[in-house]
Structure formats: structure tokens, C-alpha cells
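For reference, the chains in residue letters:
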Amino acid sequence: MTLGIERTRRAGKGSEVIKIYGKTQKTPSQFKKFLAHGSNKEHLVEFLFKTWQDLYLRTNIKLIISHGIHCHQLTWDTHGKCHVEDVEGLISDHEEAETRLLLHAKNASDTGEHSSVVIRSPDTDVAISCLRFSVAVPHLYFQTGNGCDSTSAFYGKGKKKAYDVMKSDAKFIECFAGLGESFTASPELVEVLEEFTCKLYSDSSEEIDVCRYKLIAVAS
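Note that the structure is predicted; figures quoted are calculated from it, not measured. (Residues numbered from 1 in each chain as written. Predicted model: local features only at pLDDT ≥ 70, side-chain atom pairs only at ≥ 80, totals over all residues. Heavy atoms only, no water.)

As for the overall build of the protein
Within the protein, the regular secondary structure consists of ten helices and three strands. The N-to-C order of helical and strand elements in the protein reads α-α-α-β-β-β-α-α-α-α-α-α-α. Split into buried and exposed, the 220 residues of the protein put 27% on the buried side. Summed over its atoms, the accessible surface of the protein is roughly 15100 Å², and 55% of this surface lies on carbon and sulfur atoms. (Helix = DSSP H or I, 4+ residues; strand = E, 2+ residues; numbered from the N terminus. Buried < 20%, exposed > 50% of the residue type's maximum accessible area, 1.4 Å probe, protein only. Areas by Shrake-Rupley, 256 points an atom, 1.4 Å probe, with all protein chains shown as cover.)

Points about the confidence of the model for the protein
Mean pLDDT over the protein stands at 79; residues scoring 70 or higher make up 81%. Ignoring residues within four places in sequence, the model shows residues 135-145, a span with pLDDT below 50, making 39 contacts including any to other chains. (pLDDT = per-residue confidence, 0-100. Contact = heavy atoms within 4.5 Å.)

Some words on the side chain of His 67
Relative to the helices and strands, His 67 is located in strand β1 (residues 63-67). At 2.8 Å, the side chain of His 67 forms a polar contact with the side chain of His 72. (Polar contact = N/O pair within 3.5 Å; in protein donor to acceptor, adjacent residues only side chain to side chain.)

A short note on the pattern of salt bridges
Oppositely charged side chains can form a pair if their charged atoms are brought close together. Counting across every chain of the model gives four salt bridges. Its salt-bridge partner being Asp 110, residue Lys 106 comes within 2.7 Å of it at the nearest N-O pair. Taken together, the positions of Lys 106 and Asp 110, both in helix α4 (residues 97-110) and four residues apart, correspond to about one turn of that helix. Classification of Asp 110 as exposed rests on a relative accessible area of 52%. Where Glu 195 meets Lys 171, a salt bridge forms, and the shortest distance between an N and an O atom there is 2.8 Å. Taken together, the positions of Glu 195 in helix α9 (residues 187-200) and Lys 171 in helix α8 (residues 170-177) put the pair 24 residues apart, joining distant regions of the chain. (Salt bridge = Lys/Arg side-chain N within 4 Å of Asp/Glu carboxyl O.)

Here we look at the sheet that holds strand β3 (residues 82-86)
Taken together, three strands build an open sheet; the order of strands is β1-β2-β3 and the sheet is antiparallel. Because the sheet does not close on itself, it has two edges, and the strands there are β1 and β3. In this sheet, adjacent strand axes meet at a mean angle of 25° when their direction is disregarded. Where strand β2 (residues 70-76) meets β3, five bridges bridge the pair, whose relative direction is antiparallel. (Pairing = 2+ DSSP bridges. Axes fitted to C-alpha atoms, helices over the stretch in contact; angles between N-to-C directions.)

Side note on the environment of Lys 160
When you line up the elements, Lys 160 lands in helix α7 (residues 159-167). Between the C-alpha atoms of Lys 160 and Thr 124, which are 36 residues apart in sequence, the distance is 8.5 Å.

Considerations on the side chain of His 104
In this structure, His 104 sits in helix α4. Here the side chain of His 104 touches Ser 66 through a polar contact of 2.7 Å, side chain to side chain. His 104 has contacts with Ile 64, Ser 66, Cys 71 and Leu 90, leaving out every residue within four places of it along the chain.

Quick word on a negative patch on the surface
Taken together, the side chains of Glu 188, Glu 191, Glu 206 and Glu 207 define an acidic patch exposed on the protein surface. Mapping Glu 206 onto the fold places it in the loop between α9 and α10 (208-219). The exposure class assigned to Glu 206 is exposed, which follows from its relative accessible area of 53%. (Patch = residues over 30% accessible without salt bridge, like charges linked within 9 Å, V, L, I, M, F, W, Y side chains within 5 Å. Lys, Arg positive; Asp, Glu negative; His and termini not counted. Charge placed at Lys NZ, Arg CZ, Asp CG, Glu CD.)

Re the environment of Ala 36
Locating Ala 36 in the fold gives a position in the loop between α2 (31-35) and α3 (38-52). According to the relative accessible area criterion, Ala 36 is partly exposed, its value standing at 38%. Considered as a pair, Ala 36 and Val 17 are 19 residues apart in the sequence and their alpha carbons are 9.8 Å apart.

Thoughts on the pairing of β1
For β1 and β2, the ladder comprises five bridges, and the chain directions are antiparallel. Paired with Leu 63 across the strands is Leu 74, a residue of β2. The antiparallel pairing of β1 with β2 creates a hairpin that spans two residues between the two strands, and Gly 68 there sits at a positive phi of about 65°.

In C-alpha cells, the structure reads:
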């Protein structure tokens, strides 16, 4: 299932496109459902970008806003007037916020103006992506092996469980780090992946078929 199809499926679950006419318009009563539709989120960001430019603030806050492929910086002078500048280094066609926020984090770090960069998000994918770019964590497996927008996950097993199992043995880390180096996985790599999958289900087996048999036997 492609990302576009997945978004269409989500958008069709009771949400509709709501046009934003102006500042006096009431906030949708089911705001979470409103945000479930991609077009609504895009319209909201564009609305905020235009509206915030009209604010008169006496602040030294520097606000960076990505909308569409564009990115702008909003600052306010001592008289409270807003100034808008293009941020060419943050122009991006990435559709997913989790990848764009990493680009923003790197930009904030590279400026030398900040001693630390803090990212707050309830999304596990964001946490894993941040780990991927801060330490050598096998990002590919966690994104595709344990569920993302375009693939399913192991039944009943999330990223935290997979991360804990991975940390339990250095060979798992080495194995995942090697994923993607060649189009076809070696037999040795497959063996380690099978053992890892068995441990996800707290089984000491090293072969998937043996682990599956045990789980079915217990269930029956």
C-alpha cells in the first residue's frame, strides 16, 4: 500500500475538507477529525502563516514555518512589526512532517544560536527517526519491519518491544545496520532476523516455523 493510498483511506473515515474563511470562523467541534484530512492541515498552516504576519508583537521569538514546499522565517522588530524572510535551506518537498522536522532541527543546530534542540511529539516514528540521526540505530527495520504508513507490523508488537530486543544482543544491531547494503539478504542475515523475530514473541527458537508452531499450539 503506497503512502498516497493510505492517506486517502484515512481521509475517507468520516472527515471532510473544511474551507477556512477568516479569523472569526469557529474552530471545528471535532478538531482531531478535522486534522485527519491532509488538505485541512495544509489549509490551516497556510491560514496561520498569513494571519501571524498581521500580529503586532514585542518579542524576540523567531518563528520558522514550512508550508507546501516553502519555508519562511517570521520575526518581529522593537515596534512589533512582523518581517518575513525566505529560508532557502529549508525548502523541501518531503510530505512527512517527521522527516521535515529533522531538517529543521539540523538547521537550528547548524546556526550555532542554540545550545540544544528539543523535539516534542507523541509519534513513535519521530522518536526512532531522531535516534537514527543521533546514534547508529537501524532506522530501516524499525520503520518498515514494525509498522509505518505503508506497511503492517508484527501482531501485538510495537517499536518499543523491538528496540528492547535489539539492544539485548549486539548481533541484532549489526544485522539491522547491514540491511539495505545489497538487494538480496544473505542466508546469515536471514537467520539473525528470524531469531530476532522469535525473541519478539519471547520464544527461544531460532527458526520462524518452530516459533509459529509453538504459538499455534499454545493458542489451540
